[in-house]
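# Geometric and topological summary
Now for the letters of each chain:
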Amino acid sequence: MRKIIIAGNWKMHKTQAEALEFLQIFKSKLEDTDDSREIVLCAPFTSLSIMSQILHGGQVRLGAQNIHWEKLGAYTGEISGSMLTELGVHYVIVGHSERRQYFSETDETANLRLLSAQRSGLTPILCVGESKSQRDAGETESVIINQIKRGMVDVDQNNIVIAYEPIWAIGTGATCEASEANRVVGLIRQQLNNKDVPIQYGGSVKADNIDELMQESEIDGVLVGGASLDPAGFARIANFK
Ligand SMILES: O=C[C@H](O)COP(=O)(O)O
């Protein structure tokens, strides 16, 4: 059975104090689930240590938002796999469209980061997705297939999560129709040797569309940006029926 992974990506939000306040409310509203559902919070590096002390061994796992491909070295502003695992981090987001847009991430550098995450014992969450102009030009399928093929060279498909995040749906309120998200997620699955890789949808996921999205057969979870910042709202998403 494929694992369900409900992940929040806080992006550049929340100080340590705000992260602690979030956890207090979030944990009180989170319902117990069986092991098939995993909840992940991808917090800024500055909050990972303190959050790890609170979440240790519990139902909620920690994720980071970046990882460098080298073990150590003169890479100002970057972070290594061992620095993350030492803090109890399990997941790391790679290839997010904001990294591609603002920080020159490419399929090739995303690939290096994926391999580094796996070498460190972390599970990478690879983000792929087309822009509005690519969708309008009928290029959705070719863009996604290229991102998967180039990004996943030599990657172990037994330890990866993929997130389909159409760029035009990120932070815009314009959610991709559940059936269309399901179609593209199915297309991604066709490209994989391991058909059990969890594949998430991301892009304007909220409490009021989570149940519909999670009813789709191919969608194995969600990667939530804005709506993961509110503890009660994100608990509702994590508690989807
Ligand atoms: O990583 C999360 C995505 O960028 C989705 O962000 P959003 O839920 O704010 O649209």
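Please read all numbers here as calculations on a predicted model, not as lab measurements. (Residues numbered from 1 in each chain as written. Predicted model: local features only at pLDDT ≥ 70, side-chain atom pairs only at ≥ 80, totals over all residues.)

## Let's talk about the overall build of the protein chain
In terms of regular secondary structure, the protein chain is built from ten helices and eight strands. Its C-alpha radius of gyration of 17 Å places the protein chain within 12% of the 18 Å reference for a compact globule of 241 residues. The proportion of buried residues among the 241 residues of the protein chain is 37%. Taking contacts inside the protein chain between residues at least 6 apart in sequence as the whole, the part at least 24 apart equals 72%. (Helix = DSSP H or I, 4+ residues; strand = E, 2+ residues; numbered from the N terminus. Rg over C-alpha atoms; globule rule 2.2 N^0.38 Å. Buried ≥ 20, exposed ≤ 12 C-beta atoms within 10 Å, placed from the backbone. Contact = placed C-beta atoms within 7 Å.)

## What about the packing of helix α7 (residues 140-151) against helix α8 (residues 178-191)?
It is the contact of α7 with α8, at a shortest axis distance of 10 Å, that shows an interaxial angle of 40°. By the angle between their axes, α7 is oblique relative to α8. By crossing handedness, the relation of α7 to α8 is classed as right-handed. Mapping the contact onto sequence places T140, E141, I144, I145, I148 and K149 in α7 and V184, L187, I188 and Q191 in α8. (Axes fitted to C-alpha atoms, helices over the stretch in contact; angles between N-to-C directions. Parallel < 35°, antiparallel > 145°, perpendicular 65-115°, else oblique. Left-handed = near helix turned anticlockwise from the far one by under 90°.)

## What to know about helix α1 (residues 16-29)
Between its terminal C-alpha atoms α1 stretches 20 Å, which fits the 20 Å expected from 14 residues at 1.5 Å a residue. Burial in α1 covers these residues: A19, F22 and F26. An end-on view of α1 places all buried positions within 60° of arc, on one side of the element. Residues of α1 that are exposed and point over 90 degrees away from its buried face: A17, Q24 and S28. (Expected span 1.5 Å × (residues − 1). Arc of directions from axis to C-beta.)

## A few points about the site of the ligand
In the neighbourhood of the ligand, 14 residues make up the surrounding shell, with N9, I170, G171, G225 and G226 lying closest. Its residues placed into classes, the shell around the ligand shows five nonpolar, eight polar and one charged. (Near = placed C-beta within 6 Å. Nonpolar A, V, L, I, M, F, W, Y, C, P; charged D, E, K, R; others polar.)

## What to know about the environment of L213
Residue position: L213 is located in helix α9 (residues 210-214). With 37 residues separating them along the chain, L213 and C176 place their C-alpha atoms 9.6 Å apart. Setting aside its immediate chain neighbours within four residues, L213 contacts A178, A181, Y201, V205, I219 and V222.

## Points about the UniProt feature "active site" (unreviewed entry) in the protein chain
Look at the UniProt record and you will see "active site" (unreviewed entry) annotated at H96 and E165. In sequence the annotated residues extend across 70 residues, while in space they remain close, none of their C-alpha pairs exceeding 8.4 Å. By the element assignment, H96 lies in the loop between β4 (89-94) and α4 (97-102). Locating E165 in the fold gives a position in the loop between β6 (161-164) and α8. The contact partners of E165, leaving out residues within four places of it in the chain, are S97, C127, G129, I170, G202, G203 and L223. (UniProt positions renumbered as here; feature names shortened; annotations may be inferred.)

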